[in-house]
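# An overview of the molecular structure
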Number of protein chains: 2
Amino acid sequence: MANGAQAMLRTLINAGVEVCFTNPGTSEMHFVAALDTAPEMRAVLTLFEGVATGAADGYARMAGKPASTLLHLGCGLGNGLANLHNARKGRVPVVNIVGDHATYHTKFDAQLQSDIETAARNVSTWVRTSQSTQQLCQDVVEAVTAAKGPPGQVATLILPADVSWGEGAAALPAPAPVPPPLADDALIERIASVLKKGGKTAILLGGRALREPALLAAGRIAAQCGVKLYAEVFPTRFERGAGLPHAERIAYLAEMASVQLAGLENLVLVDARAPVSFFAYPGKKSYLVPDGCSVHELALPGEDAVGSLQRLCQVVGAAQATPLLQPEKRPGRPRGKLTAEKVCKAVGHLLPDNAIIVDEAQTSGTMLPMFTAGAPRHDVLALTGGAIGQGLPAAVGAAVACPDRPVLALVGDGSSMYTIQALWTMAREKLNVVSVIFNNHSYGILNIELERVGAEKAGPKARSQLDLNGPGLDFVQLAQGMGVPATRAHTAEEFTAALERAFATPGPHLIEAVVPSVFSGLKLRVLPYLLRSLENLPQPVARALKRKVAP
Amino acid sequence: MANGAQAMLRTLINAGVEVCFTNPGTSEMHFVAALDTAPEMRAVLTLFEGVATGAADGYARMAGKPASTLLHLGCGLGNGLANLHNARKGRVPVVNIVGDHATYHTKFDAQLQSDIETAARNVSTWVRTSQSTQQLCQDVVEAVTAAKGPPGQVATLILPADVSWGEGAAALPAPAPVPPPLADDALIERIASVLKKGGKTAILLGGRALREPALLAAGRIAAQCGVKLYAEVFPTRFERGAGLPHAERIAYLAEMASVQLAGLENLVLVDARAPVSFFAYPGKKSYLVPDGCSVHELALPGEDAVGSLQRLCQVVGAAQATPLLQPEKRPGRPRGKLTAEKVCKAVGHLLPDNAIIVDEAQTSGTMLPMFTAGAPRHDVLALTGGAIGQGLPAAVGAAVACPDRPVLALVGDGSSMYTIQALWTMAREKLNVVSVIFNNHSYGILNIELERVGAEKAGPKARSQLDLNGPGLDFVQLAQGMGVPATRAHTAEEFTAALERAFATPGPHLIEAVVPSVFSGLKLRVLPYLLRSLENLPQPVARALKRKVAP
């Protein structure tokens with residue numbers, strides 16, 4: 001017989017959970033002590049809980065199965081909430097193990113006592129405080145089952161210290177997987193008839209429908225029915241690049257998304273939600289589907305979106321259709337003073353085979369999709385829940401899941417500072433992550449937002465709230481201070497050479513890309529600039545759109 | 001007439017809230033834009049919400065009134081929860097302003113949508129989502145009133161974007177202060193009779209009872225009745241040093257606290273709670289008051305603890321008694337290889353008049369109370385809720401509240417990394433904060449805890465979870481990367497000289513103190529070592545106690 005912690009670890013391993021991203025405290029010491037009984041469990045220490053939860057998110061997106069976290073009571077969970085929010089919104093499976101005081105100790109309301117279940121509910125569909133050592137392994141099985149879904153979810157198991165240290169627990173075997181059902185035949189028929197009618201119709205792919213099998217099915221349907229493919233604005237995991245059907249991401253800015261969706265009569269959603277504005281703005285619409293456009297949802301959450309899409313492909317008679325595949329095409333090597341656009345160009349120029357891009361570049365990454373569309377096949381992990389501070393931790397998790405694939409994290413300066421501690425874990429675990437920090441010395445996106453909310457008459461005090469100068473952040477020193485080799489680039493030549501070196505050398509690297517704000521000096525000309533970012537936009541269409549949205 | 005944000009800012013200022021620690025996003029842009037209409041409101045930008053909330057905590061402890069925070073939706077609040085937990089446990093007033101989506105936008109469940117109220121309830125006794133621009137200023141008045149208490153509380157006002165940008169709001173005047181009532185006369189008489197009987201009695205001071213007026217009253221009672229004074233383990237704000245009555249802090253380790261409290265027959269609580277163990281440990285007691293000791297609570301939360309103590313002083317006939325005051329006494333200048341103990345000694349040797357010490361030094365700070373007991377008068381702000389990552393942010397807030405006082409933050413290496421971003425705000429605001437990071441390359445306290453929970457047979461995998469080597473953190477580079485001048489000390493001479501220079505030079509400074517773990521090599525001899533930290537312990541007592549607890 002084992003103590004609770006030992007049996008729990010064994011049950012997690014049996015259920016396929018083989019990595020634990022940790023930031024433990026006293027109440028988790030028996031779990032920590034038990035790690036030496038569980039060689040199959042990789043324990044990855046982080047210096048901050050937001051790194052642990054973001055890493056668990058990034059890991060699960062790439063591994064296709066959950067990692068666990070190990071967090072210290074309610075406050076540790078609190079520190080991890082933002083990235084669990086991103087996991088929740090991306091339907092990513094995560095199993096949180098949150099240590100708690102011993103059951104008999106809670107009544108004393110000691111310093112660290114707080115209501116963990118309430119905090120957990122904010123992000124978890126499944127929450128339980130384990131009540132006894134004997135029950136613990138059954139709780140673990142249920143937590144993992146809930147996390148795996150379908151759909152993927154955040155499950156939080158609260159582990160009182162005495163349940164963990166108690167003796168007499170027995171590990172349990174893996175739970176049986178739960179296959180998701182296909183969508184209803186009648187629904188598939190109805191949507192097929194919409195697609196076959198043609199007209200202005202688009203398919204919006206999200207979730208698991210942005211991976212190769214679904215993309216190929218969608219590409220065949222698109223070729224057969226002449227419909228357009230879109231990808232949701234912040235995909236959980238998007239397989240793209242040369243050789244795959246191309247789907248254009250819905251733009252972050254509602255003004256842009258409206259341009260993309262203008263004139264649509266039918267929109268078919270596959271594991272995606274109808275596009276809405278990220279924020280509300282005075283006098284602007286929140287719901288971005290054009291008036292009069294019918295929305296058809298192929299599969300509900302928990303249904304088999306990919307299988308349903310493949311079935312739809314057969315029903316529309318597209319099974320033998322030839323999908324339009326993205327041709328291989330890289331931009332040239334950029335030259336001259338570095339800009340965010342040139343960073344994206346260099347990425348497109350150099351991206352290695354089979355890379356994983358973690359995209360938290362905000363404004364600076366505007367041109368990234370365009371410049372990488374024809375690059376070798378790669379995965380893009382995006383900011384599913386909009387809670388910044390996700391990029392560097394998700395890169396940690398992706399690199400742990402895929403040690404043989406290069407990981408490129410593209411992160412804004414403001415965003416990077418929420419969870420900059422992730423760099424230390426990259427160094428400690430010798431992860432193959434290249435982190436590019438776009439240092440434009442500002443919360444660049446908020447300068448646009450200040451304008452968009454109609455608060456453009458902002459004075460110097462307001463502007464200073466978006467300004468990251470005085471002092472400027474030195475990311476080279478920050479990275480080196482955590483053991484990550486780093487360099488700074490002011491020119492495109494410097495950046496491209498540094499990126500080339502970083503991809504060629506194992507272990508983590510950081511490149512600080514000193515760039516001007518994308519929109520500095522572009523005031524009121526933001527939209528025409530952004531329109532260029534719409535990938536593969538035919539020139540006449542681009543010109544027409546520019547006329548439509550230019551002030 | 002003004003828009004909601006403008007009237008809100010004016011109402012906050014009217015109510016005495018003059019500082020806002022911010023980390024805004026799009027939904028807060030109207031609040032940000034309104035800052036230029038409110039020159040009396042100081043807006044202090046932070047790079048991470050945990051810095052904003054910790055700074056608000058530190059500010060209010062020193063200013064005696066709340067600051068506000070400005071946080072971005074549920075995820076921003078989530079990032080700030082840990083330090084709000086510390087404020088809650090310390091009964092510190094904080095007014096959170098949490099921006100939310102426009103009221104009509106929430107139904108679309110956009111990416112950043114989450115249940116903010118639930119997250120807020122975890123730390124706030126007062127939570128409200130403002131429903132209209134017209135109601136907003138009344139909501140602000142109620143939030144500030146709730147925060148001010150008595151007792152001080154965390155109040156969270158959720159501000160939908162359209163409530164903020166709506167027009168037609170009118171600012172409101174300051175609410176009337178609510179004076180706390182004195183304790184019941186009969187209770188004071190009862191406690192007076194306990195004290196007058198003498199015997200083994202102690203007074204445990206906490207909360208507001210650790211400030212000069214209460215300390216003097218308690219000192220007079222102690223002199224008159226021959227009782228001992230204790231301070232709670234993690235005080236919100238503790239005024240101490242030469243010229244004040246001395247109160248010994250209850251030790252963090254339950255084993256130590258039991259030694260301090262052994263044999264007590266009566267314990268009078270003044271704005272403090274009966275001591276309990278920080279964590280539970282197998283086979284050890286959680287409740288630390290000795291069996292048979294009667295506990296007497298002088299004032300309930302919300303009652304006037306200080307006034308009640310002063311009344312008690314009169315009733316026991318101690319109004320004219322002469323309290324025993326701590327004599328001025330500094331340790332000598334330390335020499336040789338640097339240790340945590342020598343850092344504490346150097347602090348005692350050099351501490352300037354009227355300093356504010358933020359103490360998050362964990363194991364490395366064990367000897368700090370002893371070495372600073374006779375230093376010039378100073379305030380100590382401690383980790384009230386046990387959620388680490390509080391030290392550097394609280395130092396930011398204390399320095400904003402008291403620009404003319406030197407602030408010394410003593411922080412463990414592990415703790416510092418939770419909210420290391422605070423250094424940037426210190427640089428940006430040119431705050432007079434000296435941050436000392438004890439770099440022992442480990443979560444030092446967890447090495448003890450691993451032993452205490454009975455998990456001492458931990459293997460290398462467990463030990464590696466407490467180890468902050470590989471790579472070691474370079475705090476000099478981290479500080480410089482955020483614009484804070486920094487130096488590293490390996491010897492006591494280097495450290496003392498650096499500390500002297502830092503106190504003499506305005507603006508922020510960081511000193512990395514490279515020290516061995518306090519308990520490395522001390523395994524199983526932890527308690528005798530710790531006993532030395534009990535301040536002013538007479539030698540025969542110390543010897544007796546050592547016999548009692550030594551293994």
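First things first, this report covers the structure right here in the doc. Note that the structure is a prediction, hence the values are computed from the model and not measured.

## Some remarks on the nonpolar core
Core analysis: the biggest nonpolar cluster contains 258 residues, and A:Phe21, A:Phe31 and B:Phe21 have the highest contact counts within it. Ignoring any residue separated from it by four or fewer positions in sequence, one finds A:Phe21 in contact with A:Val44, A:Ala52, A:Ala55, A:Ala56, A:Tyr59, A:Ala67, A:Ser68, A:Thr69, A:Leu70, A:Val396, A:Gly397 and A:Val400.

## Points about the side chain of B:Thr496
Residue and element names in this part refer to chain B. Following the sequence through the fold, Thr 496 ends up in helix α20 (residues 492–504). For Thr 496, a relative accessible area of 0% gives the class buried. Of note is the side chain of Thr 496, whose polar atom sits 2.6 Å from the backbone oxygen of Ala 492.

## Topic: the pairing of strand β3 (residues 42–45) of chain A
Residues and elements named next belong to chain A. The sheet contact formed by strand β2 (residues 19–22) and β3 spans four bridges and is parallel. Bridging from a neighbouring strand, Val 19 pairs with Arg 42 of β3. With respect to chirality, the unit in which β2 leads through helix α2 (residues 29–34) into the neighbouring parallel β3 is right-handed.

## Re the relation of the copies chain B and chain A
Each copy of the sequence occupies a distinct position, and chain B is placed on chain A by a rotation of 180 degrees and an axial shift of 0.0 Å, giving an RMSD of 0.0 Å. The transformation just described matches what one would write down for a two-fold rotation axis. A symmetric contact is evident, with 100% of the interface residues of chain B recurring at the interface of chain A.

## What to know about the pairing of strand β18 (residues 433–439) of chain B
Residue and element names in this part refer to chain B. Within β18, seven of the seven residues are buried, which leaves the element mostly enclosed by the surrounding structure. Of the two faces of β18, the one carrying Val 433, Ser 435, Ile 437 and Asn 439 and the one carrying Val 434, Val 436 and Phe 438 are both buried. Here strand β17 (residues 407–412) runs beside β18; their pairing, made up of six bridges, is parallel. Note that in β18 the partner of Leu 408 across the bridge is Val 434.

## What to know about unusual backbone geometry
Residue and element names in this part refer to chain A. The omega angle of the peptide bond from Gly 470 to Pro 471 is 0 degrees, so this bond is cis rather than trans. One can find Pro 471 in the loop between α18 (460–464) and α19 (475–481). Positive phi, normally seen in glycine, also occurs at Leu 73, with a value near 55 degrees. Here Leu 73 is to be found in helix α4 (residues 73–89). If you check the backbone angles, Gln 362 has positive phi at about 50 degrees while not being a glycine. When you line up the elements, Gln 362 lands in the loop between β15 (355–360) and α13 (368–372). For Gln 362, a relative accessible area of 26% gives the class partly exposed.

## Looking at the interface of chain B and chain A
Tallying the contact residues gives 100 residues for chain B and 100 residues for chain A. Between chain B and chain A, roughly 8200 Å² of surface is buried when both sides are summed, and carbon and sulfur atoms account for 60% of that area. Considering only the side of chain B, the residues that lose the most area to chain A are B:Gln111, B:Lys461 and B:Gln465, jointly responsible for 10% of the buried surface there. Seen at the junction of chain B and chain A, the total is four salt bridges. B:Asp109 is the salt-bridge partner of A:Arg273, the closest N and O atoms lying 3.9 Å from each other. Applying the counting criterion to the chain B and chain A interface returns 55 residue pairs in polar contact (both at pLDDT 80 or more). Take the side of chain B that touches chain A: its biggest share by element is nine residues, from helix α4 (residues 73–89) of chain B. Residues of the side of chain B that touches chain A, tallied by class, amount to 53 nonpolar, 34 polar and 13 charged.

About the thresholds
- Residues numbered from 1 in each chain as written.
- Chains lettered and ligands numbered in written order.
- Predicted model: local features only at pLDDT ≥ 70, side-chain atom pairs only at ≥ 80, totals over all residues.
- Heavy atoms only, no water.
- Core = buried A, V, L, I, M, F, W, Y, C linked by side-chain atoms within 4.5 Å.
- Buried < 20%, exposed > 50% of the residue type's maximum accessible area, 1.4 Å probe, protein only.
- Contact = heavy atoms within 4.5 Å.
- Helix = DSSP H or I, 4+ residues; strand = E, 2+ residues; numbered from the N terminus.
- Polar contact = N/O pair within 3.5 Å; in protein donor to acceptor, adjacent residues only side chain to side chain.
- Pairing = 2+ DSSP bridges.
- Right-handed = clockwise from strand over helix to strand, strands pointing away.
- Least-squares fit on C-alpha atoms with pLDDT ≥ 70 in both.
- Buried area = accessible area lost by both parts, 1.4 Å probe.
- Salt bridge = Lys/Arg side-chain N within 4 Å of Asp/Glu carboxyl O.
- Nonpolar A, V, L, I, M, F, W, Y, C, P; charged D, E, K, R; others polar.

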